Each structure stands twice: as C-alpha cells, then as structure tokens.
Amino acid sequence: MLKQRIVGVLLVREGIVVQSISFKKWLPVGKPAIAVEHLNRWGIDEIALINISPNSGNDDSLHRMIADVAPYCFVPLAIGGGIRTIEQVHDVVRTGADRVILTTAVADNPALITQAASRFGSQAIIAAIDVRKNAQGSYDAYVDYGRRKVDLAPAALAKRAEDHGAGEILIQAIYRDGSRLGYDLELVELICKAVGVPVIALGGVGAPAHMVDAMSIAGVGGLAAGNYLHYTEHTAAVAKAALMAKGGDLRHDSYADYEGFSFDAAGRLKKKSDASLMDMMFVHYTDEVI
C-alpha cells in the first residue's frame, strides 16, 4: 500500500496566494514562490497550485505562475485552473508541472481526461470535484469554482472521471472551505467507495485531528489542506508527527522533527514542562578538575 501524502493547496488569485472562505472571500497571503518555498522546507509531500483568477484560462498567466514557483518546488507539483484543452495540458507539463488538475473538463469534456491520460499517464491526471449540500441534505457537484451546478451526482462524476482515465480524485466540500471544522468524512467515504483510484480529501482542516479522522478511510491517498498550512510555518511537520503518532504511514523528511512530543486531542503540540524547557535552554558544565 502506498504511503499517504499531505498535499498543500495554494489558491492563486491575480498572482497572489489567498486563503479562501466558502469560495466567496479571499484573504491575501503572499507570493506563490514564497509559499511554495515554506511548504517545501516544512515537509509537505505534494503541492497543488490552482489559479482561481477570473482569467484562469489565460495560458500566459499559467506559464508565469509555473515558471515563478518551479525553481522553489522540490516535491511533485500539480497545476490547475482553466485548463480545457490538450494543448494546455501539454504546455503546463512542459513548463514544469508534474501533474494536471482538471475540473470543468470532468463535467463538460471528459474526453480530455482520456486524451491527457493517454499522453502523460493516468498518474499525472487529477480530476477535481467541488461539492455543495442541497436543501435535502444530499450532495451536488459544481464546476467553475463553485458557480455552476452539474447534472451528475459527485460519486457518479468521480466514477466517470476514473473511467476516462483519471488517476486520482480530488474532492472538496465547498461548505467546509475555511471553516476549520474538518473534512466532510461522509462525503469522502462516499467518493472512496465509488472509485478504485486514490482520493484526495480537501476542505475544512483546522487541526491535525481532522487529518487523523480521514486517514483511516479506505481509499484516501492524500490529506489536503489550504488555509491551515498558512497559520504557522511548521504545520505540515506537526501534522505528520500527529498522524504518525496515531499509526499513519507517511514520509517524514523535514528537519523539523517532533518525535517524542505529546499531542492534545486536536493533534496540536502540548506545551513542554517548565523543567524541560529549562533543560533545553541551559547546559551545565561540571567544574574542571586540574
């Protein structure tokens, strides 16, 4: 069984990384290259860079975005946002992306998934599905960054993407975006049962415990977060330590190592005792004997 991954999702709007809240509000974070560099330093396994600008289908903006971040990215880089043709897929991969995220094509042009998978391999194609809950409490799938509802239910859409060659499904609960309430585990499990390819869960992470909750769902290959990873620079490393403490099988290659630390119920680091902190601050040397 493959190790699970922590995926850092960076949303880029008008050239700036933003925190998203319910797909409606965006708080500026900073330059994509700086955000990518920090995620690399603190142990992220993969980075998904998604252009949510109004001109997201503009090839030049995609190329600039990739060119800006590629020198700082030393993990697999997935690119999404406005990719609607096989020529764009080819250009994105040639510019420096390892994987391509397709969203609108999953609903409008699934043949593009087949074309892209045939040329670059299924492992390079991620089908993304954004989901809302309706008044009846069931799930509806959306495209165009949550603006347009599609006819197929999320599970059926995910299965269609798999049948057309997608190697992974990224599922995001719009109503959990920026909420810090955790993943919609029911939705994640629904998608995992519908497909045979790995699923990346996204939407709502506010603490490592939320990743722990999703870790045990069969079929989850990626634990993704966006806003959460901007709170402190060590969050990816802390989340990995918390997951590994609960039996998770993850890579751990960051020099920020929290082995031996204890965690609270939310998976956050517990404060060390004052005595331990004193021991860490001072080293006592015995008197020299002559």
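Keep in mind the model is a prediction, meaning the values are calculated, not measured.

Draft legend 1. Broad picture of the overall build of the chain. Of regular secondary structure, the chain possesses ten helices and twelve strands. Within the chain, contacts between residues at least 6 apart in sequence are counted, and of these 64% link residues at least 24 apart. Here the chain displays about 14,000 Å² of accessible surface, and carbon together with sulfur accounts for 53% of that area.

Draft legend 2. The nonpolar core, seen in detail. Ranked by internal contacts, the top residues of the largest apolar core, which has 72 residues, are I47, I79, L102, I169 and M211. Among residues more than four places away in sequence, those in contact with I47 are G8, L10, V36, L39, N40, C73, V75, P76, L77 and A78. With 19 residues, the next largest nonpolar core counts V7, V9, Y142 and Y145 among its residues.

Draft legend 3. A look at the packing of helix α3 (residues 86-95) against helix α5 (residues 111-120). Across the interface, α3 lies against α5 with an axial gap of 10 Å and an inter-helix angle of 40 degrees. With respect to the hand of their crossing, α3 and α5 are arranged in right-handed fashion. Residue-level inspection shows I86, V89, H90 and V93 of α3 in contact with α5, the latter providing L112, Q115, A116, R119 and F120. When the residues that make up the contact of α3 with α5 are grouped by side-chain class, the tally is six nonpolar, two polar and one charged.

Draft legend 4. Examining the pairing of strand β8 (residues 139-143) more closely. Within β8, five of the five residues are buried, which leaves the element mostly enclosed by the surrounding structure. Burial along β8 is two-sided: Y139, A141 and V143 and D140 and Y142, pointing in opposite directions, are all buried. Where strand β7 (residues 125-133) meets β8, four bridges bridge the pair, whose relative direction is antiparallel. Directly across from V131, in β8, lies its bridge partner A141. Remark: five residues form the turn of the hairpin made by β7 and β8, two consecutive strands paired antiparallel; G137 in that turn has positive phi of roughly 90 degrees. As defined by bridge partners, β8 adjoins strand β9 (residues 148-149) across two bridges and the pair is classed as antiparallel. Among the inter-strand pairings, Y142 is bridged to a residue of β9, identified as K149.

Draft legend 5. The packing of helix α6 (residues 154-163) against helix α7 (residues 185-194), seen in detail. Two elements in contact, α6 and α7, have axes whose closest approach is 9 Å; the angle formed by their N-to-C orientations is 40 degrees. Of the possible angle classes, the one that applies to α6 and α7 is oblique. α7 is crossed by α6, and the crossing has right-handed handedness. Along its contact with α6, which presents P154, A155, A158, K159 and E162, the element α7 presents L190, I191 and A194.

Draft legend 6. Expanded view of the pattern of salt bridges. Under the definition given, this model contains twelve salt bridges. The salt bridge partner of R99 is E46, with a shortest N-O separation of 2.9 Å. Taken together, the residues span a long stretch of sequence, with R99 in strand β6 (residues 99-102) and E46 in strand β4 (residues 46-51) at a distance of 53 residues. Classification of R99 by relative accessible area gives buried; the value is 10%. Between D108 and R148 there is a salt bridge, with its nearest N and O atoms 2.7 Å apart. Placement of D108 in helix α4 (residues 104-108) and of R148 in strand β9 is noted, with a sequence separation of 40 residues between them. Overlapping salt bridges, with partners in common, bring together R5, E46, R99 and E168 in one network.

Draft legend 7. Spotlight on the side chain of S53. Secondary-structure assignment places S53 in the loop between β4 and α2 (59-69). From its side chain, S53 meets the backbone nitrogen of E14 in a polar contact 2.6 Å long. At a separation of 2.8 Å, a polar atom in the side chain of S53 contacts the side chain of N51. Those residues in contact with S53 that sit more than four places away from it in its chain are V12, R13, E14 and G15.

Draft legend 8. Local environment of the environment of Y142. The topology assignment puts Y142 in strand β8. Counting along the chain gives eleven residues from Y142 to V131, while the straight-line C-alpha distance between them is 5.9 Å. Once residues within four sequence positions are removed from consideration, Y142 is found in contact with D130, R132, R147, R148, K149, V150 and I174.

Draft legend 9. Main features of the packing of aromatic side chains. Counted according to the given criterion, the structure contains one aromatic pair. Arranged with centres 4.0 Å apart and planes meeting at 0 degrees, the rings of F23 and Y145 form a pair that is stacked. Of this pair, F23 sits in the loop between β2 (16-21) and β3 (25-30) while Y145 sits in the loop between β8 and β9; the two residues are 122 residues apart in sequence, bridging distant segments of the chain. Using a relative accessible area of 6% as the deciding quantity, one classes F23 as buried. Among the residues examined, Y145 registers a relative accessible area of 16% and is labelled buried. Positioned above the aromatic ring of Y142, the side-chain terminus of R132 is 5.1 Å from the ring centre.

Criteria and cut-off values
Position labels on residues start from 1 in each chain and follow its written sequence. With pLDDT at 70 or above as the cut-off, local features in this predicted model cover only qualifying residues; side-chain atom pairs require 80 or more to be listed or tallied, and sums for whole chains, interfaces and linings still use all residues. Where side-chain values are given, they derive from all heavy atoms of the structure, hydrogens and water being excluded. A run of DSSP states H or I qualifies as a helix once it reaches four residues; a run of E qualifies as a strand once it reaches two. Both are numbered from the N-terminal end. In this analysis, two residues are considered to be in contact whenever any of their non-hydrogen atoms come within 4.5 Å of each other. For the accessible areas, the method is Shrake-Rupley and the probe is 1.4 Å, while residue cover comes only from the protein chains on display. In this text, buried Ala, Val, Leu, Ile, Met, Phe, Trp, Tyr and Cys residues form a nonpolar core when linked through side-chain atoms within 4.5 Å. Only protein chains enter the accessibility calculation, which uses a 1.4 Å probe; a residue is then buried when its area is under 20% of its type maximum, exposed when over 50%, and partly exposed in between. Interaxial angle, 0 to 180 degrees, is taken between N-to-C directions of lines fitted to C-alpha atoms, where a helix line uses only the stretch in contact. Helix crossings fall into two classes, left-handed where the near helix is turned counterclockwise from the far one by less than a right angle and right-handed where it is turned clockwise. In this classification, the charged set is Asp, Glu, Lys and Arg, the nonpolar set is Ala, Val, Leu, Ile, Met, Phe, Trp, Tyr, Cys and Pro, and all remaining amino acids, among them Gly, are polar. When DSSP locates at least two bridges between a pair of strands, those strands are taken to pair. Any angle that falls under 35 degrees is termed roughly parallel, while one over 145 is termed roughly antiparallel, one within 65 to 115 roughly perpendicular, and all others oblique. When a carboxyl oxygen of Asp or Glu lies within 4 Å of a side-chain nitrogen of Lys or Arg, that pair is called a salt bridge. Identification of polar contacts relies on pairs of N or O atoms within 3.5 Å, with a donor-acceptor requirement for protein atoms, meaning one able to donate a hydrogen and the other able to accept it, and with residues adjacent in sequence counted only if both atoms are side-chain atoms. In this analysis, rings of Phe, Tyr and Trp, with Trp reduced to its six-membered ring, are considered paired at centre separations within 6.5 Å, and the interplanar angle assigns stacked below 30 degrees, edge-to-face beyond 60, and tilted for intermediate values. Our definition puts a charge over a ring when NZ of Lys or CZ of Arg is within 6 Å of the ring centre and also within 35 degrees of the ring normal.

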